[in-house]
Amino acid sequence: MAGYNGNLKAVAEHLDEGENIIESCFGAYEGQMLGQDTLRNGVFLVTEKRVVFFGKKLMGYDMESFPLTKVSAIEMSKGLMGKSITMKMSGNDAKMKWIQKGNPDGVVNYVRENMGEKAAAPVAAPAADDIPTQIQKLASLKDAGILTEEEFATKKAELLAKM
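Visitor: So what about the overall build of the chain? Which residues, and what values?
Guide: A count of helices and strands for the chain gives 5 helices and 7 strands. Shown N-terminal to C-terminal, the secondary structure of the chain runs as helices and strands in the order α-β-β-β-β-β-β-β-α-α-α-α. In terms of overall dimensions, the chain is more spread out than a globule: its C-alpha atoms have a radius of gyration of 22 Å, far above the 15 Å expected for 163 residues. If one aligns the C-alpha atoms of the chain with their principal axes, the spans along those axes are about 70 × 35 × 30 Å. Among the 163 residues that make up the chain, the fraction classed as buried is 34%. Residue pairs at least 24 apart in sequence account for 48% of intrachain contacts in the chain once pairs closer than 6 positions are excluded. For the chain, the exposed area adds up to about 10,000 Å²; of that, 53% sits on carbon and sulfur atoms.

Pasting the structure below:
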């Protein structure tokens, strides 16, 4: 039964080591308990790898976690009582409404940029031994007149800095 800041403080102890809260908002989370629809106040937050609903209660907490890799869509709307976020995953939906605190736009934007398979694919840095090959390709483009001497020098310097 904590407010926005109390929930953020309480959820931190349930995150994995090195996991950080990127964005968060506070509102009423729609769920089900014993087959009945329920509303629970809490935070809806996003970390580097998942979206979490967390609601502190008098004697405990409610927490649901959704991996970013499983999110297929996220929507936001605005009404008289505040903003609403609906998130869709295969076989499951999550909805928070009456959002009055936090940054719901930031939550939605981060999820959109990192949801689905994009979240699972690590970005591979070019191997150091591949850099000479890339420089040779750039030299060929320069010799063909596609790159200017200045463009070639700039890209070459960027690649050499990565070695």
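From this point, the discussion proceeds with the structure in view.
Visitor: For the pairing of strand β2 (residues 36–47), give the residues involved together with the corresponding values.
Guide: Direction of pairing for β2 relative to strand β3 (residues 50–57): antiparallel, over a ladder of 4 bridges. Within β3, the residue paired with F44 across the bridge is F53. Counted along the chain from β2 to the antiparallel partner β3, the turn is 2 residues long.

Calculation notes
Counting restarts for each chain: residues are numbered from 1 in the order of the written sequence. Since the coordinates come from a predicted model, pLDDT governs what is reported: local features require at least 70, and pairs of side-chain atoms require 80 or more to be given and counted, while whole-chain, interface and lining totals use all residues. Hydrogens and waters are ignored; side-chain quantities use all the structure's heavy atoms. The helix count covers DSSP runs of H or I at least four residues long, the strand count covers runs of E at least two residues long, and both are numbered beginning at the N terminus. Based on C-alpha atoms, the radius of gyration is set beside the globule rule, defined as 2.2 Å times the residue count to the power 0.38. Partly exposed residues are those whose accessible area sits between 20% and 50% of the maximum for their type, while under 20% is buried and over 50% is exposed, using a 1.4 Å probe and protein chains only. Throughout, a residue-residue contact means that at least one pair of heavy atoms, one from each residue, lies within 4.5 Å. Computed by Shrake-Rupley with a 1.4 Å probe, the accessible areas treat only the displayed protein chains as cover when residues are assessed. In short, DSSP must find at least two bridges between two strands for them to pair.

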